[in-house]
Every structure is written in structure tokens, then in C-alpha cells.
Amino acid sequence: MIHYKTSEEVQKIKESAQILGKAHGEVAKYIKEGVKTSFLDKIAEEYIRDNHGVPSFKGYNGFPASLCISVNEVVVHGFPSDYVLKDGDIISVDCGVFHQGFHSDCAYTYPVGEVSPQVLSLLKATKESLYLGIEKAVFGNRIGDIGHAIQRFVEAKGYTVVRELVGHGLGRNLHESPEVPNYGKKGSGPLIKDGLVIAIEPMVNLGTRNIVQERDGWTIRTADRKPSAHFEHTVAIFEDRTEILTTHQYIEENFKF
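Please read all numbers here as calculations on a predicted model, not as lab measurements. (Residues numbered from 1 in each chain as written. Predicted model: local features only at pLDDT ≥ 70, side-chain atom pairs only at ≥ 80, totals over all residues. Heavy atoms only, no water.)

Asker: Mind laying out the packing of helix H3 (residues 117-135) against helix H4 (residues 143-156), listing which residues take part and the relevant values?
Answerer: Remark: H3 packs on H4, axes separated minimally by 8 Å, with the N-to-C direction vectors making an angle of 150°. With respect to H4, the element H3 is oriented roughly antiparallel. Considering the relative orientation of H3 and H4, their crossing is right-handed. Each of Ala125, Glu128, Ser129, Leu132 and Gly133 in H3 lies in contact with H4, whose residues at this interface are Ile146, Ala149, Ile150, Phe153 and Val154. Class assignment for the residues of the contact of H3 with H4 results in seven nonpolar, two polar and one charged. (Axes fitted to C-alpha atoms, helices over the stretch in contact; angles between N-to-C directions. Helix = DSSP H or I, 4+ residues; strand = E, 2+ residues; numbered from the N terminus. Parallel < 35°, antiparallel > 145°, perpendicular 65-115°, else oblique. Left-handed = near helix turned anticlockwise from the far one by under 90°. Contact = heavy atoms within 4.5 Å. Nonpolar A, V, L, I, M, F, W, Y, C, P; charged D, E, K, R; others polar.)

Structure (C-alpha cells):
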């Protein structure tokens, strides 16, 4: 069942998303060689709690951290650890905030130091595909229109779209209906109606689209161990407009590629 949101509920999600965006901005200051990924998690959790939020991910189905930190071939759901970032890495930072009864969700993939032109192109294409998907997230379209736009763009560049992992609705719960795949057919899937709030999050691989789950039960990596990129926004769709509730502004004030 899809839970459509009132304007008041969307405003609360947007307020949650502002805390989230600023937490991402704090983390972005420390994305560099020599930094442990566990330190990034500490920065995010402290900022969120200091601003009256709760990390959405920590404790969710047993997840142990505030951030999903996914390095290089890890697609999503990686754990913060003692891993030290090094030149040429890429790192996806995914975070959610629970505030005033509502969740927000947002992700960004960073290059660390000098990455190969091939990998940098993957990051840029994945980020661009997010906004192409958002362009199709409008009243009267269907969910399949979003995935079709993402898939068509990235596959034309020679990349692949992960099929098993998808975007989602969110609100009072971190994951709600509908699922929002990053692939699909035009005109397919649920109708997009007024008050729909969804997280759109393309996960795009340099090599095969096939993935493997590690023994920890969480970490998802590419089957061929080639890099993967991940970008995400929470968006609200109204009859007269689509609004991006999360923001990369605070990230990009501190970190640009």
C-alpha cells in the first residue's frame, strides 16, 4: 500500500532532509586519503544527534552504523570500519535521518584523490542519471518512466544497472511502497499521484550488473569486483511540481569533482 503524504508531512520530511544534507556536508570535509571510514560514521552520528535527529540506519534490521559506507566495488550497505581511504578509491556515503516522525534518505559517491578517468566518468554519469530519473518523477507519469530514463542513459554509455536493489517510498517508515527500480519500461508500474514521496537511487556498475552479498549479510559488491557508483535523493511529487527534499549543496560546498 502506498502512503501519500500531506503538505504538512512533506514539510517534516524536508526538515529531516535539511539535517541530513548538513550531516553529509560535515562528512564531506573529511573525505580524503588517510581517513578511516569509521571516523566518517562518528562525524555523521554526532551531527545528527546534536541537531535533534536520529540516524535512520543504526539498528535498522540490526545494521550497526549510522552510515552505509561502500568503497570501490561495494555497491551499497558496506560497514564503516578501520579501512583507511587511499588515493584512487571511490566511496559511497549513504545516510538517513529520522526527525519529527519522518525519515529522509540521501547518498553521494566521492572520488578520493586522483581516480582514473574511466571511474570518474562512471561517477559523473551515475549522478546525471539521478537527475534524469527525477525529471520523470512527475504527476501523471508512472514509476517505470523513472527507471527507463536512468537505464537508457547509463546503458548507452556502456555501464550496467543493478537490478536487485531499488529505490523506495519513505515517510514514517524508512522503506515503504512503491519500489522504484533503476530500470524499466515507459508507462509501466504504479501511477505517480499527488503526495508521493520516494527515494530515487541509481546504482550503476562499471562492469557486470551482477552482484554478490558478503558473509556479513549486508555488504553488496559487484560480482566482477569492478567499481560501482551510487547517488540518491528523496523527492516529493505534487500535482503542480516535483520537489527534491534532500540536498547535495552542503557536500558540494566542501567537495567537488
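Next comes the rest of the account.
Asker: Help me get a handle on the sheet that holds strand S6 (residues 160-161), residues and values and all.
Answerer: Read across the open sheet, the three strands follow the order S6-S10-S13; overall the sheet is antiparallel. Strands with a single pairing partner mark the edges of an open sheet, and in this sheet they are S6 and strand S13 (228-230). Pairing analysis gives two bridges linking S6 to strand S10 (residues 203-205), with the strands arranged antiparallel. Paired with Val161 across the strands is Val204, a residue of S10. Each of S10 and S13 is contacted by H3, which is oriented at about 35° to S13, the strand it contacts most. (Pairing = 2+ DSSP bridges.)

Asker: Mind laying out the side chain of Thr234, listing which residues take part and the relevant values?
Answerer: Of note, Thr234 is situated in strand S14 (residues 233-237). A relative accessible area of 0% means that Thr234 is categorised as buried. A distance of 2.7 Å separates the side chain of Thr234 from the backbone oxygen of Asp105, its partner in a polar contact. In contact with Thr234, other than residues within four places in its own chain, are Ile13, Ser104, Asp105, Leu170, Val197, Ile198, Ala199, Glu243, Ile244, Leu245 and Thr246. (Buried < 20%, exposed > 50% of the residue type's maximum accessible area, 1.4 Å probe, protein only. Polar contact = N/O pair within 3.5 Å; in protein donor to acceptor, adjacent residues only side chain to side chain.)

Asker: I'd like a rundown of unusual backbone geometry, residues and numbers included.
Answerer: A cis amide bond links Ser177 with the next residue in sequence, Pro178, at an omega value of 5°. Within the secondary structure layout, Pro178 lies in strand S8 (residues 176-180). Of note in the backbone geometry, Asn72 takes a positive phi value of approximately 60° without being a glycine. Along the chain, Asn72 turns up in the loop between strand S2 (67-71) and strand S3 (74-76). One non-glycine residue with positive phi stands out, namely His77, at about 70°. Mapping His77 onto the fold places it in the loop between S3 and strand S4 (90-99).

Asker: Describe the sheet that holds S3, and please don't skip the residues or the numbers.
Answerer: Pairing within the open sheet is antiparallel, and its three strands lie in the order S3-S12-S11. Lying at the two open borders of the sheet, with one neighbouring strand each, are S3 and strand S11 (211-213). Each neighbouring strand pair of the sheet contributes to a mean axis angle of 40°, computed without reference to strand direction. Note that S11 and strand S12 (residues 220-222) share three bridges and pair antiparallel. By the bridge assignment for S12, Gln213 is matched with Ile220.

Asker: Explain the packing of aromatic side chains residue by residue, including any values.
Answerer: Within this structure, the stated rule accounts for seven aromatic pairs. Measuring from centroid to centroid gives 4.8 Å for Tyr110 and Phe255, while their planes differ by 90°, and the two rings are edge-to-face. On the criterion of sequence distance, the pair formed by Tyr110 in strand S5 (residues 102-111) and Phe255 in the segment after helix H5 (249-254) is long-range, its members being 145 residues apart. The class of Phe255 is buried, set by a relative accessible area of 12%. Of note, Arg163 hangs over the ring of Tyr183, and the distance from its end group to the ring centre comes to 4.5 Å. The ring of Phe238 has Arg241 sitting right over it, with the charged end atom 4.1 Å from the ring centre. (Phe/Tyr/Trp six-rings, centres within 6.5 Å; stacked < 30°, edge-to-face > 60°. Lys NZ or Arg CZ within 6 Å of the ring centre and 35° of its normal.)

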